[in-house]
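An overview of the molecular structure
As a plain string of letters, each chain reads:
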Amino acid sequence: MSDTWTNRLSEYLDGDLPAGERTVLEAHLPTCAECSETLAQLRRVVARAQALDDRAPTADLWPAIARHVGVVSLDARRARRRLSFTVPQLAAAAVALALLSGGSAWLLERRPAEGPPSQSTTTATPMLTNAGTYEANPRYAAAVANLERVLAQGRGRLDTATVRVIEKNLGIIDRAIRDAQSALAADPANSYLNLHLAQEMRRKLELLRQAAALAGART
Amino acid sequence: MELTTPGVATLRRDLDQTARDAETADVALAASGDGRAFERLYRTHVTRIHSLARRMTGEEHADDLTQDVFVRAWTKLSTFRAEAAFGTWLHRLAVNVILARRTTLGTERGRYDDSEGVLDGVSSRPHAPDLSLDFEEAIGRLPDGAREVFVLHDIEGYRHEEIADLLGIVPGTSKSQLHHARMALRRHLE
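Computed from a prediction, not measured in an experiment: that's the story for all the values here. (Residues numbered from 1 in each chain as written. Chains lettered and ligands numbered in written order. Predicted model: local features only at pLDDT ≥ 70, side-chain atom pairs only at ≥ 80, totals over all residues.)

A word on the overall build of chain A
What chain A contains, in helices and strands, is nine helices and zero strands. Helices (α) and strands (β) of chain A occur, in sequence order from the N terminus, as α-α-α-α-α-α-α-α-α. Looking at the 219 residues of chain A, the share that counts as buried comes to 27%. Residue pairs at least 24 apart in sequence account for 73% of intrachain contacts in chain A once pairs closer than 6 positions are excluded. (Helix = DSSP H or I, 4+ residues; strand = E, 2+ residues; numbered from the N terminus. Buried ≥ 20, exposed ≤ 12 C-beta atoms within 10 Å, placed from the backbone. Contact = placed C-beta atoms within 7 Å.)

Here is the structure:
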């Protein structure tokens with residue numbers, strides 16, 4: 001392998017070769033079988049690298065990590081519990097989900113025809129918790145309390161209809177949160193219910209933010 | 001002001017968005033001390049992180065390094081900002097943990113050896129039944145510097161400037177190592 005261009009082929013392949021040299025190399029390639037073959041092989045190496053599959057570790061590393069960070073493995077929790085659902089548990093979960101869906105339908109039906117578009121409900125909000133930590137989560141509780149205070153201070157600047165809609169929506173969200181918490185108390189490991197609860201809590205925070213901003217904007 | 005409340009049907013309609021939301025929620029939950037949320041994050045990302053550690057340092061160190069990465073991630077979750085995806089943040093953290101451990105793992109040998117002779121030591125196994133594993137084994141036999149650059153550039157998609165910054169070298173050295181690694185690996189395509 002002695003061609004002067006051989007050591008530049010990777011740069012050419014990656015688009016890193018300066019324009020002048022690229023032009024010269026492209027003129028050289030049709031005349032040099034060795035460089036053409038090497039370039040084709042390098043392309044295949046790159047393609048193979050990009051197609052490699054990741055492999056999971058052969059052993060579960062979580063128990064050791066959990067010990068290091070001082071948390072209990074989900075598997076260990078599950079192992080201590082019977083993996084069965086009682087009728088009341090299933091009923092509680094069904095009620096929670098029905099309320100969430102019912103609340104959605106109610107809200108959608110109540111949406112005014114010319115109302116402003118709502119903000120995306122998928123906005124990331126780094127203050128979430130779940131059934132086990134909601135009441136005790138100081139960050140979330142502080143954020144909610146702070147927004148409620150701001151809203152209370154600016155409440156007089158909002159018209160009555162707006163205040164009524166805000167209060168209704170907050171009531172619905174609070175009910176959904178409580179119902180989800182009740183259902184999760186019976187089934188703490190249910191990730192679907194956990195997700196719903198997290199979304200409702202985020203929704204409450206977002207609604208409070210919108211309402212507080214609205215009240216503040218009317219000063 | 002009215003509220004939109006996506007229910008079950010909406011969640012099913014956009015599974016990708018739901019997965020992203022779930023991960024965002026899990027990151028926030030884990031940052032507030034929820035071990036179950038952190039375990040879910042672990043199970044989502046462990047395969048990629050372990051594969052990175054194995055390719056960068058070898059099978060024998062991959063488990064320990066993967067544990068280190070997630071322990072470090074747990075302690076640094078509060079610094080995560082949602083501008084980037086959590087997976088991207090975790091991956092960068094993993095690269096830093098792995099590179100920081102190279103010296104203690106004794107993986108510095110031949111780090112920036114540019115000689116073709118060293119790379120010739122990567123033997124060919126044309127009849128191996130699992131070509132992917134054979135290719136992975138060949139990557140593992142590359143000199144440390146060439147392997148790190150190859151893994152970061154061709155498998156993980158880092159740019160030479162980023163690699164140079166991570167490894168403390170100049171971009172030209174990164175390009176040279178990459179080329180030599182590719183040249184050595186050509187024999188493992190058949």
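Concerning the overall build of chain B
Summing up its helical and strand segments, chain B has ten helices and zero strands in all. Ordered by position from N to C terminus, the α and β elements of chain B give α-α-α-α-α-α-α-α-α-α. Pairs at least 24 apart in sequence give 61% of the contacts found in chain B among residues at least 6 apart.

Remarks on the environment of Phe38 of chain B
Residue placement: Phe38 of chain B occurs in helix H3 (residues 35–57). Sequence separation between Phe38 of chain B and Asp26 of chain B is twelve residues, and the spatial gap between their C-alpha atoms is 6.8 Å. Not counting the four nearest positions on each side in its chain, Phe38 of chain B is found in contact with Val71 of chain A together with Ala30 and Trp74 of chain B.

Looking at the environment of Ala85 of chain B
Its place among the elements puts Ala85 of chain B in the loop between helix H4 (59–76) and helix H5 (86–105). Separated by 61 residues in the primary sequence, Ala85 of chain B and Thr24 of chain B place their C-alpha atoms 8.7 Å from one another.

Concerning helix H8 (residues 160–186) of chain A
When the terminal C-alpha atoms of H8 of chain A are compared, their 39 Å separation across 27 residues agrees well with the 39 Å that a helix rising 1.5 Å per residue should span. Among all positions of H8 of chain A, only Ile166, Asn169, Ile172, Ile173, Ala176, Asp179, Ala180, Ala183 and Leu184 of chain A are buried. (Expected span 1.5 Å × (residues − 1).)

Concerning the environment of Arg102 of chain B
With respect to the secondary-structure elements, Arg102 of chain B resides in helix H5. Here Arg102 of chain B falls in the partly exposed class, since 17 other C-beta atoms lie within 10 Å of it.

Let's talk about the nonpolar core
By size, the foremost hydrophobic cluster in this structure holds 75 residues, and its most contacted members are Ala30, Ala53, Ala94, Phe150 and Ala181 of chain B. When near neighbours in sequence (up to four residues on either side) are disregarded, Ala30 of chain B contacts Ala37, Phe38, Leu41 and Leu77 of chain B. (Core = buried A, V, L, I, M, F, W, Y, C linked by C-beta atoms within 7 Å.)

So, the confidence of the model for chain B
Residues and elements named next belong to chain B. Per-residue pLDDT for chain B has a mean of 81; in total, 74% of the residues score no lower than 70. At the level of individual helices and strands, chain B shows its lowest average pLDDT in helix H6 (residues 116–120), which scores 48, and its highest in helix H10 (residues 171–185), which scores 96. Per-residue pLDDT stays below 50 along residues 107–119; that stretch engages in 28 contacts with residues further than four places along the chain or on separate chains. The low-confidence segment residues 123–129 (pLDDT under 50) makes five contacts with residues lying over four places distant or belonging to another chain. (pLDDT = per-residue confidence, 0-100.)

Structural notes on the packing of H3 of chain B against H4 of chain B
Residue and element names in this part refer to chain B. Contact geometry of H3 with H4 gives a least axis separation of 8 Å together with a crossing angle of 140°. Considering the angle they form, H3 stands oblique to H4. Note that H3 runs across H4; the crossing there is right-handed. Across from Phe38, Tyr42, Val46, Ile49, His50, Ala53, Arg54 and Thr57 in H3, the residues of H4 making contact are Glu59, His61, Ala62, Leu65, Thr66, Val69, Phe70 and Trp74. Within the contact of H3 with H4, the residues separate by chemical class into ten nonpolar, four polar and two charged. (Axes fitted to C-alpha atoms, helices over the stretch in contact; angles between N-to-C directions. Parallel < 35°, antiparallel > 145°, perpendicular 65-115°, else oblique. Left-handed = near helix turned anticlockwise from the far one by under 90°. Nonpolar A, V, L, I, M, F, W, Y, C, P; charged D, E, K, R; others polar.)

A short note on the packing of helix H8 (residues 144–155) of chain B against helix H9 (residues 160–167) of chain B
Residues and elements named next belong to chain B. Following both chains from N to C, one finds H8 and H9 inclined at 140°, their axes separated by 10 Å at the closest point. Put simply, H8 runs oblique to H9. As for the relative orientation of H8 and H9, their crossing is right-handed in sense. Across the interface between the two elements, Glu148, Val149, Leu152 and His153 of H8 pack against His160, Ile163 and Leu167 of H9. Partitioning the contact of H8 with H9 into residue classes produces four nonpolar, two polar and one charged.

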